[in-house]
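Chain by chain, the residues:
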Amino acid sequence: MTTASAVATLEQVLQRYEPVIGLEVHGQLLTRSKMFCGCSADYIGAPPNSNTCPVCLGLPGALPVINRVAVEYTVRTALALNCEIPEHSKFDRKNYFYPDLPKGYQISQWDMPLSLNGHLTVSVDGQEVRCGITRVHLEEDAGTLQHSGDILQQARSSLVDLNRAGVPLMEIVGEPDLRSSEQAREYLVRLRQILVYIGVNDGNLEQGSFRCDANVSLRRRGETGLGVKVEVKNMNSFRAVQRALDFEIIRQGRLLDQGVTIDQETRGWVEAKGATISQRGKEHAHDYRYFPEPDLPPMHLGADFVERVRAGIPELPQQLVERLQREHGLSAYDAAIVSAERDDARAFEELVGMGVPAKAAANWLMGEVARLSRESRTPLRSSGLGLAGLAALIKLVEGGRINGSTAKELLDELYLPGGDPAALVSERGLAQVSDQAELERLVDAVIAENPAAVADFRGGKEQALQRLVGGVMKATRGRADARAVTDLLRERLAP
Amino acid sequence: MSSDTVAELGARLRRGETTPEELARAARSDLESLARLNPVLRYTDELAARQAGRAARLLAEAPETAGPLCGIPFAYKDVLCVEGVETSAGSRILQGFIPPYTGTALGRLLDAGAVPVAVTNCDEFAMGSSNENSAYGAVGNPWDGSRVPGGSSGGSAAVVAAGAVPFSLGTDTGGSIRQPASFCGVAGFKPTYGRVSRYGLIAFASSLDQIGPFARSVDDIARVYSAIAGHDPHDSTSSPEAVEPVDEQLGRGVEGLRLGVPHEYMAEGLEPGVRVAVETALAELEKLGASIEEVSLPSTEAALSTYYIIAPAECSANLARMDGVRFGLHVDRPSVTDTYLETRGRGFGPEVKRRIMLGTYALSSGYYDAYYRQAQKVRTLIADEFDRAFEKVDALVCPTSPIVAFPKGDRSDPLSMYLCDVLTLPVNLAGLPGISVPCGVSGGLPVGLQVIGPRMQDARVLRVAQAYERETIWHTRTAPAADVPGAAQ
């Protein structure tokens, strides 16, 4: 195989070229009302065009009014991302025609955004990567279109729904500081986690309340200049982002290997094809003709306001990870997993508050509870069992009253309907057989009834012991402590 | 009802000599008799009947709480949205557009019990100085039907001048209230930018537009202004400052006030008859105890080009929503781009297209700094010059327009039309209050005197205008109206 090839693999491309990646993230803000009118920002599920008013329909004569909470949420985000907050900021009009954009311009921010110069540090394979945040600014979302074809230009008809039009949208522009699809993915995971933690965004990639575009270019290893960049859109999951970036890195690498110049263009990720396809070339790039929004006076953000917002920022994920290790003795790994979702971390701390040992709380939450909550699409908090029920159940295990497998069965049974685990244990006689004499009697009986297995074990076949353990467990209907039974059997069968 | 003022009609209503219904009927019939001048686009009969009934009940049940506008008929410009009434901005592209909401200024008049009877003709999207740019035909001047009434609020000026309604609402972006007031011989007031809410006003240029009244006396102007002024949470550019009560200023005369005359506004280009009328008015004001002094506004020359960058830039964005997707004209084509092109191509008239093109160009990448940004700097300069002048004088007095009403078709060259507003548009660029009141005639046609005040000193502007008006007879003349010469088409 030659080094320059039209079929180079990702690894081969990466040997020769260094990817340069910058991400732009759009996050809908969890405000009650839209960005510039009183309509609800929660538009999901409303009948088409019902969640609208003259302002968000862009009717002649209607005027925007700034949603102050949206400004506060954006500043909160900016501060969490270590940005500076300039004293003066303003909105601008970004002009372009599209049927989902009712006014023919989007109210956005151009040269005086709400924040500048932040950074987010992420860790990939033990290596810390500091990614600069160019800016976090505020704008309004567009409506949604349903085409009878794939794209607007080929559609025979299109339906416009403006329920989403005017929902507050925050844009987080990252510097081109990322060097691999893994770093890009980790950056997004951490960014999403922060937004959810500080309560400004629900982090839903599938529904598009958290969206990402990527700018990707390659350069020869060792070079410092930037190559021609391609913008990639339409990635609806973390996995899609990583796949799309890898695809793009290979595509560009192969072209560069062949001496072909990369076109500066916008490409869309098509999940079904596992490929990006060209959407718009440089020659079709928009001239957005930004100018200051004359319907909105410039914003003045006083130091008092910024400090008040700063003081209101809840504990960030990294701070929580450190605290969980410090206060509850969790390992760095467990702490990171427990704090991945803010609500899990809260549940963890509440369980510990109810007297559940930290390690057990973490294991149950991350293991069985996570599985059940995923399978039943019901988070623990809204399940019938609830936090208190789970705490009671874990305590039964920890106190030695029931064994692990009984507990798992009870959890499965009680998760949705709820119930008192202790009462059920008594009612059904599920308590662990912990009487030593009783256990010895059962072990001896099983040894007597299974001479073949005993012979095998004594002959050096370790697995034979499992048959004997199984026999005891069967006799106790699973209520014995398997570990204790194993120990006892070894003791009895010792030469 | 010819030539009656709000005050006179109000007194007759309270004496029981007439009813709101009767006044509305009379206004409608007077307006119909003006048909040959074409100032009315449509009548608001249903709304008028409803409002007249409401006003009648209010006057009968609680006359002491009924304000001065209760039961008074009026007309408003076709750019103000009223729920359920077609509003087309003088354009084909909005033909059939019926707003589902009522704008703030109109809403306040309705709350005050005033009775809207008609929607008046205007230049398309308020772009013009002659009312010849209306998609629904030009308007004739009540003093001479072959001449223009001025623009863009030509219809609103004409119906007041002809005595069909005692007041009307217009909008002023570069002189669109004051210049037609001057051409038609009535009072027309543009309040301070931000004093009257723009919510419900179909925007031409957002940073310049302001709603204001036409009437036959400054007192009536003050009544309407007081009803519509004040902060509106729906318009972020409306001032939260409390409105200064006009009554405290009106009637105090001009004794001791210092009035400045910008010498750039009296330069060549002024029609001799206009110069004579304005100079006579200045002498009258001096006689009334004001001191008249010359001031300088050196950047006046740059105002026109500044205005014709900023206003088109804003309009190019404001009019983007007329895309045929949700309301108004829709020309169906297989592709969305062609639908846009055909709808907008057919829906907009030539002057609107010209300004959209100008504005789009001025904002384009590579030209923004040279045009839009530069214009904003000059705009600041112009505003600063006014501020400095107001350190020396209390108000400015000058002609409203360098010329009187001109014959229809006389100014087909856009630049000569733009020059009509050279004395009014600096006031919009600086966001100041300005009024035009009749101050004489030139060749049988009305001449207007403009009074300009500092920001938020609307009451002072009205005070100066009223002091002048009290001592002169120009505002008492009513246009010959229905049988006006030249009206027949």
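Just so we're clear, the structure is a prediction, and the values are computed from it rather than from any experiment. Residue indices follow the written sequence of each chain, beginning from 1 at its first position. Each chain takes a letter, starting from A, and each ligand takes a number, starting from 1, following the order in which they are written. For a predicted model such as this one, the threshold for reporting local features is a pLDDT of at least 70, and the threshold for listing and counting side-chain atom pairs is 80 or more; totals across whole chains, interfaces and linings nevertheless cover every residue.

Colleague: When you look at the overall build of chain A in this model, what are you seeing that I'm missing?
Modeller: Secondary structure is summarised from DSSP: a helix means a run of H or I of at least four residues, a strand means a run of E of at least two, and numbering begins at the N terminus for each. Helices and strands together make up the secondary structure of chain A, namely 16 helices and 15 strands. For this measure, only C-alpha atoms enter the radius of gyration; the expected value for a globule follows 2.2 Å times N^0.38, where N is the number of residues. For a compact globule of 495 residues, the expected C-alpha radius of gyration is about 23 Å, and chain A comes in at 29 Å, more than 25% above that figure. We call a residue exposed when 12 or fewer other C-beta atoms sit within 10 Å of its C-beta, buried when the count reaches 20 or more, and partly exposed for counts in between; the C-beta positions come from the backbone. Relative to its 495 residues, chain A shows a buried fraction of 39%. Note that contacts rest on C-beta atoms placed from the backbone: two residues are in contact if these are within 7 Å. Put simply, 69% of the contacts in chain A that link residues at least 6 apart link residues at least 24 apart.

Colleague: What exactly am I supposed to notice about the packing of helix α13 (residues 436–449) of chain A against helix α15 (residues 463–475) of chain A here?
Modeller: Each packed pair of helices is defined by two parameters, the angle between the axes and the distance between the axes. Residues and elements named next belong to chain A. To get an axis, a line is fitted to the C-alpha atoms, and for a helix only the part in contact is used. The angle between two axes follows their N-to-C directions and goes from 0 to 180 degrees. The interhelical angle for the contact between α13 and α15, taken along N-to-C directions, is 125°, at an axis separation of 9 Å. Between α13 and α15, the angle falls in the class oblique. The hand of the α13/α15 crossing is right-handed. Judged by residue contacts, L442, V443, V446 and I447 of α13 engage L468, G471, V472 and A475 from α15. Residue type decides the class: Asp, Glu, Lys and Arg count as charged, Ala, Val, Leu, Ile, Met, Phe, Trp, Tyr, Cys and Pro as nonpolar, and the leftover types, Gly among them, as polar. Grouping the constituent residues of the contact of α13 with α15 by class yields seven nonpolar, one polar and no charged. If an angle is under 35 degrees, it is roughly parallel; if it is over 145, roughly antiparallel; if it lies from 65 to 115, roughly perpendicular; otherwise it is oblique. Handedness of a crossing follows from how the near helix is turned relative to the far one, being left-handed for an anticlockwise turn of less than a right angle and right-handed for a clockwise one.

Colleague: Got a minute to help me understand the pairing of strand β6 (residues 211–215) of chain B in this structure?
Modeller: Regular strands show a simple pattern: their side chains alternate between the two faces of the sheet. All names here are of chain B. In terms of burial, β6 is largely enclosed, as five of its five residues are buried. One ladder, built from five bridges, connects strand β4 (residues 167–171) with β6; its direction is antiparallel. Bridge pairing in β6 links S168 to F214. One bridge is not enough; two strands pair if DSSP finds at least two bridges between them. By the bridge criterion, two bridges tie strand β5 (residues 187–190) to β6 in an arrangement that is antiparallel. Each bridged residue has a counterpart across the sheet, and for A187 the counterpart in β6 is A215.

Colleague: What's the story with the environment of Q51 of chain B in this structure? I'm lost.
Modeller: Residues and elements named next belong to chain B. Tracing the backbone through its elements, the reader meets Q51 in helix α3 (residues 45–61). Taking the C-alpha atoms as reference points, Q51 and A114, separated by 63 residues in sequence, lie 7.1 Å from one another. Leaving out residues up to four positions away in the same chain, Q51 has contacts with L110, V115 and P116.

Colleague: Please explain the interface of chain A and chain B as it appears in this structure.
Modeller: Interface size is often expressed as the accessible area that is lost when the parts come together. Contact residues are listed per partner, giving 27 residues for chain A and 35 residues for chain B. Per-class residue counts for the side of chain A that touches chain B are 17 nonpolar, five polar and five charged.

Colleague: Please explain the domain arrangement of chain A as it appears in this structure.
Modeller: The assigned domain composition of chain A is domain 1 (10–303), domain 2 (317–428) and domain 3 (436–493). Each domain's extent was defined by an automatic or database domain assignment. Computed from C-alpha coordinates alone, the two centres of domain 1 of chain A and domain 2 of chain A are separated by 37 Å.

Colleague: Help me understand the environment of I292 of chain B in this model?
Modeller: Position of I292 of chain B among the secondary structure elements: in strand β8 (residues 291–295). Along the chain, I292 of chain B and S412 of chain B lie 120 residues apart, while their C-alpha atoms are 38 Å from each other.

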